[in-house]
Structures are given as C-alpha cells and as structure tokens.
Amino acid sequence: MTVVDARTLADMLGPWRDGAGPLGEKLGRRLVVLVDKAALPDGTRLPPERALATRLAVSRSTATAAYRLARGQGRIESRQGAGSWVRGPGGPAAGAGGHGAAPHHPPDSLAHDEEAFSALGRAVDGVVDLSLAEPPCDGTTRAVLSQLDPDWLAAGMRGTGYHPQGLAGLREGLAGFLATIGHHATPDRMMVTTGAQQAISLTASVICPPGSTVLVEEATYPGALGVFRRMGLRVVPISTDQFGPVPEVLAELCTRTRPALVYLIPVGSNPAGTVIPPARLDALADVLSRHGTVLAEDRTAAPLAEPARVPAPLATRLPRGRAVVVGSVSKIAWSGIRVGWVIAPPELMRELLSARIGADLAASLVSQLLTQGLVPRLPQLAATARTMIAEGQATLGAALARHLPEWEANDPQAGAWRWVRVPGDARLVARAAAAAGVLVTPGPVFSPHALLTDHLRIACVSPADVLVDGVSRLGRAWEGVARATHGGTDDGRDLLII
Ligand SMILES: Cc1ncc(COP(=O)(O)O)c(C=O)c1O
C-alpha cells in the first residue's frame, strides 16, 4: 500500500490557498483534484489530519473540513482509529451502493443546484438577469401558437393522452428539422422528452450503474452536473483547449476510470461556446471507439451555430449503438414549451422508454401538438435566434470593453453567453453584482470540482438597453470588490458581507 506523509502531501498540494473561500474547502477541493488526476492512487494512505494541519500551518479543523469534503465527494474513506485513505475513481462513489443507506442527496448536490439555478422562475423587479441564457418567447413563436387551427388541435387531442415515445408526426417533423442542421435521424429512434434536461437525466439513469464514472468537459452545463451528482456518480473533468476536450487526456481517463458515459457538448458548449472542429471530433471518436465508451452528445445549442459551420454529430463518427444525442427547441422557440428529445439505438430506446414511463409516462401532449405546429417554422426561428444573439453579443462585448476593460471575455462560436475571466474571485464578484442588482453565474457551478473560480458566465439575450445597464452595474460592483480586495486583506470576503 502507498503511504503519503504530511510533507510529501503538502508539496503535492501546491498553491492550494489561491482564490477566496474557506481554507478547509480549498484544501479539500485540491485533494479531490489530486485523486482524480491519479496523483494520489487508489488506496494511498493519507497522513493524519493533525500532521497535515501542522505541516500546512493551518488549524486542525481546517484539515478536518478538507478530509470531510473529499469524503463527501467519495474520493477518500476514513475509519476511526484506522485513518484515511484514497478511494480512487474505480471505486464506488459516495452514497452509492455499499452497506450504508444511500443519502437522498449527495452532500454537495443540493448546494450546487441551489447556486446554479437560483434565478429560475424568480424575475425580480429592478434586477437585471444576465445569468439565464434562454431567449424570450419570440413574436413568431407566439404568433404561430396563437394561429394554430383549433380543429387540428382538437383532432390531435382525441384518444389517449399518453404517448411515451412522443407523437409520430412530431418526431417526423423534428427529424426533418435536424437534417437541416446536419443531423440525420430516423423518427423511430427518437423519443420526445420534457426538454433536453429530462433526456440527459433518463440517459444517465439507463446507462450509468450506481457509483460509476461520467467524464465531462472541464466546464460544462450545470444541469447535467446536477443530474450526475444527484445519482451519486463520480464526475471527472476532461481538460480542454480552444478546440474542445483534449483526445490524449480523454484516452488516459478512459483507461484509468473506465467511464460508463462521456457527456459532451460539441456545438456551442456551455459556458465556453466552443464548436469542436471536425478534425478534433474525429480524434475524440477514435478514442471513444477504441475504448468502447458510450457517448451522450448534447446538441441543445446546435441550432444556434451557422448551419454551414455545424459539423456532423460526434455520435455519427462512432460505431453503431455507442451513442445517444439529446436536444430541444428551448434555445430557438421557447424553453416554456418543454419539448426536447433523445435519439438512441433500438436496444437503448427500449430502456429509455421504460425509464420514461416510470418518470412521467409521457411528455405533455398539448406541448407536443404546439411544437408540431411550430416545426415548419423552426429553421426561421433558429435564424432569428442567431441574429438576436449576434446583436446581443456585439452589445455585450462593447459594454464589457467599456465598463470592465480588465476582464477577459471570450468570443464564442455559438451560444448566448460569454465566458469571462475576472481578475478576482468569481463568487465574490457574483455576490457583489447581485447586491448591485445584476445576476451573473460564477464559474464553479460549471465545474465538477467547483474550480474555475476566476470565471463568470454572462448571458446576452436581454434587450440592448438592459444589457448595457446590467454591465454598468457589474462595473460598479467590480469597483467595490477590487477596492475591498486591495484594501488590506488578501481575501475580500470579510469586507463584503452581502
Ligand atoms: C447544454 C444544455 N443542455 C440542456 C439544457 C436543458 O434544456 P431544456 O430546456 O431543453 O431542458 C440546457 C439549458 O440551458 C443547456 O444549455
């Protein structure tokens, strides 16, 4: 068995104090990263908390909090009298299986969901919401919905209201739309879901055994992270560069962690807005094929990229039966319709249907009919959404350059947000911003390890005047944070109790 002493572990931890936040939390997160990078292999015996605390010159309670966090995330185990040791990525995740009762919510999943989705359904007068990136219900959508033929709707409502796989006519229409954005799918391989969110959740539930590993981009969609965490899965990030996940890293993680699923957003990644180019998709497909790994490809944002520049799905580059693709009309029509889909090979479709019947029997028939009525207009709605987002991006880019020149905003290839590096702690900035009446999303909610503490996601779908007002409020909030941070402590928390 490998034993790591306090001194060696202290060296391995590196600059773990960087960034703001309680010391125990930062230390615990760094421990989790070391385990996931296999720098601390499975079974490694860790130094006693007291020894580590002395070596790091922190209080014993800091070391205790760090071990507790790593234990809560299933990375280490401890037993009274026997000490603590690493439970590597191959072992069961916290709360899954084993002899003890699995907690309903793994310790960090509630906090994650609350932080990531606190703005949902809660518009507050006078507050500018730059955290949500869903476009408003477009006039065309409203017009089409209000002009649907009542007789046609009434005919659609005859007979049973339960269609577990979804209305055949809708599936046909959606398959036709997907073909216009480079994805050729047959309607019998498609199940209509309550948004892409349910598609992700059902997919994980049929593919991932309890305690198994899911690989994700190092910054990814918080709704998917929430699903995986709640299921007690071990979520491990794949390093990315400007083209997307790095194939060599994916190969190494596939070998080491034997993931049950790899979840990727190849077009319009959330939050970076990357479109993975074909050569990189081929390299990733090669790795996934060699390892026989199953892919869940999220193409929810695919209609937001210029159709001519959308590569064919990664799923189509894999051997048959190794991938599911999820998507929805949320980004181009309206999220309130709650219609999405999952496209899967026949053997998985059977399981997905069974899981869906257990979850909700079927998607709302009314929403399905409304969406069927919208289908002929989806290409036009997508084009309108792209124009609106391009204008929003230009306004947001100019406002950021004016009010926050020291922030580094990326220039996304697809998507209604910018991923921005801030020269400070993103959570502090987000809290100060909220106090100044503008909501943005701090980087840690996009990270499986709550890292990315120096990034924020800022959405651009508000009207231009609201967007500019929001960014100027952000500028004022940032002035306060910068002043507080440089005002005597290396951690502005105490100066900013909001
Ligand atoms: C990448 C991604 N996948 C899935 C979803 C969920 O979308 P839906 O409204 O279809 O459930 C979102 C929503 O923002 C998203 O950004």
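Refer to the structure printed above.
By convention here, each chain's residues receive numbers from 1 onward along its written sequence. Whole-chain, interface and lining totals are the exception, using all residues; otherwise, since this is a predicted model, local features are given only for residues with pLDDT of at least 70 and side-chain atom pairs are given and counted only at 80 or more. Heavy atoms from the whole structure form the basis of all side-chain values; hydrogens and water molecules are not counted.

Every helix listed is a DSSP run of H or I at least four residues long, and every strand listed is a run of E at least two residues long, numbered separately from the N terminus. The secondary structure content of the protein amounts to 17 helices and 17 strands. In terms of C-alpha radius of gyration, the protein reaches 23 Å, essentially the compact-globule figure of 23 Å for 498 residues. For every residue, the accessible area obtained with a 1.4 Å probe (protein chains only) is divided by the maximum for its type, and the residue is called buried under 20%, exposed over 50%, and partly exposed between those limits. In the protein, buried positions account for 53% of the 498 residues. The contacts in the protein between residues at least 6 apart in sequence include a share of 74% that link residues at least 24 apart. Here the accessible surface of atoms and residues is derived via Shrake-Rupley with a 1.4 Å probe, and residues count as covered only by protein chains that are part of the display. Just so you have it, the protein exposes about 21100 Å², and 54% of that area is on carbon and sulfur atoms. We take the radius of gyration over the C-alpha atoms and set the globule estimate at 2.2 Å times the residue count to the 0.38 power. For this analysis, residues touch if any pair of their heavy atoms sits within 4.5 Å.

With that settled, the discussion passes to the pattern of salt bridges. Should their charged atoms come close, side chains of opposite charge can pair. By definition, a salt bridge exists where a carboxyl oxygen of Asp or Glu is found within 4 Å of a side-chain nitrogen of Lys or Arg. Evaluation of the coordinates by the stated rule reveals 13 salt bridges. For Glu 25, the salt bridge identified is with Arg 29, shortest N-O distance 2.4 Å. Of this pair, Glu 25 and Arg 29 both sit in helix α2 (residues 23–36), separated by four residues, roughly a single helical turn. Residue Glu 25 is classed as partly exposed on the basis of its relative accessible area of 30%. Taking relative accessible area as the criterion, Arg 29 reaches 9% and is therefore assigned buried. Within this structure, Glu 408, Arg 421 and Asp 454 form a network of salt bridges that share partners.

This brings us to the side chain of Arg 75. Structurally, the position occupied by Arg 75 is in the loop between α4 (60–72) and β1 (76–79). We classify Arg 75 as buried; its relative accessible area is 5%. In this structure Arg 75 touches Val 32, Val 35, Asp 36, Ala 70, Trp 85, Val 86, Arg 87, Arg 234, Val 235 and His 449, once residues within four positions along its chain are discounted.

Buried residues dominate strand β5 (residues 213–217), accounting for five of its five residues. A crossover counts as right-handed when, viewed with the strands pointing away from the observer, the path leading from the first strand over the helix to the second turns clockwise. Once the chain exits β5 it traverses helix α10 (residues 222–230) before rejoining the sheet at strand β6 (residues 234–238), and the crossover so formed is right-handed. Between any two strands, at least two bridges found by DSSP are needed for them to pair. Where β5 lies against strand β9 (residues 261–264), three bridges are found, and the strand directions are parallel. Pairing of Leu 215 across the sheet is with Val 262, part of β9.

On to the site of the ligand, then. Any residue with a non-hydrogen atom lying within 4 Å of a molecule or strand is treated as near it. For the ligand, the full set of nearby residues is Gly 195, Ala 196, Gln 197, Tyr 221, Ile 265, Asn 270, Asp 298, Thr 300, Ser 328, Ser 330, Lys 331 and Arg 338. Any pair of nitrogen or oxygen atoms within 3.5 Å is treated as a polar contact; in protein, a donor-acceptor pairing is required on top of that, and neighbouring residues in sequence qualify only through side-chain atoms on both sides. The separation between an oxygen atom of the ligand and a polar main-chain atom of Gln 197 is 3.0 Å. Within the side chain of Lys 331, a nitrogen or oxygen atom sits 2.8 Å from an oxygen atom of the ligand. Protein burial of the ligand: of its 400 Å² of free accessible surface, 88% is covered by the chains. Ranked by residues supplied to the shell around the ligand, first place goes to helix α9 (residues 195–207) with three residues.

Side chains of β9 alternate between two faces, with Leu 261 and Tyr 263 and Val 262 and Leu 264 buried alike. By the bridge criterion, three bridges tie β9 to strand β10 (residues 295–298) in an arrangement that is parallel. Bridging across to β10, Val 262 finds its partner in Leu 295. For the handedness criterion, the β-α-β arrangement of β9, helix α12 (residues 278–291) and β10 is classed as right-handed.

It is worth spelling out the sheet that holds strand β12 (residues 340–343) at this point. Each strand in a sheet pairs with another by means of backbone hydrogen bonds, the pair being arranged parallel or else antiparallel. The sheet built from seven strands is open, its strands ordered β4-β12-β11-β10-β9-β5-β6 with mixed pairing. Of all strands in the sheet, those with a lone pairing partner are β4 (190–193) and β6, marking the two edges. Sheet twist, expressed as the mean angle between neighbouring strand axes with direction ignored, is 20 degrees. Bridge count for β5 against β6 is five bridges, and the pairing is parallel. Bridge pairing in β6 links Glu 217 to Ile 238. To obtain each axis, a line is fitted to C-alpha atoms, and for helices this fit is confined to the stretch in contact; angles are then taken between N-to-C directions over 0 to 180 degrees.

Our focus in this paragraph is the side chain of Arg 299. Along the chain, Arg 299 turns up in the loop between β10 and β11 (323–328). Dropping the residues within four chain positions of it, Arg 299 is found in contact with Ile 181, His 183, Val 267, Val 310, Pro 311, Ala 312, Pro 313, Val 325, Val 326 and Gly 327.

Taking strand neighbours across the sheet as the criterion, the four strands line up as β13-β14-β17-β16 in an open arrangement whose pairing is antiparallel. Edge positions in the sheet fall to β13 (408–409) and β16 (441–442), since each has one partner strand and no second.

Another aspect to go through is helix α11 (residues 247–257). Within α11, burial applies to Pro 247, Leu 250, Ala 251, Leu 253, Cys 254 and Thr 257. Seen from one end, α11 has its buried residues packed into an arc of 170 degrees, which puts them on one side. Away from its buried face, by an angle of more than 90 degrees, α11 presents the exposed residues Glu 248 and Thr 255. Immediately downstream of α11, the backbone of Arg 258 shows phi near 45 degrees, a positive value. The reported arc concerns the directions from the helix axis to the C-beta atoms and nothing else.

Attention shifts here to the nonpolar core. Side-chain atoms within 4.5 Å are what join buried Ala, Val, Leu, Ile, Met, Phe, Trp, Tyr and Cys residues into a set we call a nonpolar core. Ranked by size, the top nonpolar core spans 89 residues in total, and within it Leu 250, Trp 407 and Ile 458 carry the most contacts. It is helix α15 (residues 378–403) that provides the largest number of residues to this core, a total of eight residues. With residues up to four places along the chain from it excluded, the contact list for Ile 458 reads Leu 130, Leu 396, Leu 400, Trp 407, Ala 416, Trp 417, Arg 418, Val 420, Val 440 and Leu 474. Ranked by size, the runner-up nonpolar core spans 30 residues in total, among them Ala 204, Cys 208, Val 235 and Ala 260.

Attention now goes to the packing of helix α16 (residues 426–435) against helix α17 (residues 464–485). Across the interface, α16 lies against α17 with an axial gap of 9 Å and an inter-helix angle of 125 degrees. Classed by the angle they form, the pair α16 and α17 counts as oblique. As α16 packs across α17, the resulting crossing turns out to be right-handed. Here Leu 428, Val 429, Ala 432 and Ala 433 of α16 come into contact with α17, specifically with Leu 474, Ala 477, Trp 478 and Val 481. Residues are sorted three ways: Asp, Glu, Lys and Arg are charged, Ala, Val, Leu, Ile, Met, Phe, Trp, Tyr, Cys and Pro are nonpolar, and all the rest, Gly among them, are polar. Looking at side-chain class alone, the contact of α16 with α17 contains eight nonpolar, no polar and no charged residues. If an angle is under 35 degrees, it is roughly parallel; if it is over 145, roughly antiparallel; if it lies from 65 to 115, roughly perpendicular; otherwise it is oblique. The sense of a crossing depends on the near helix, which, turned anticlockwise from the far helix by less than a right angle, makes the crossing left-handed and, turned clockwise, makes it right-handed.

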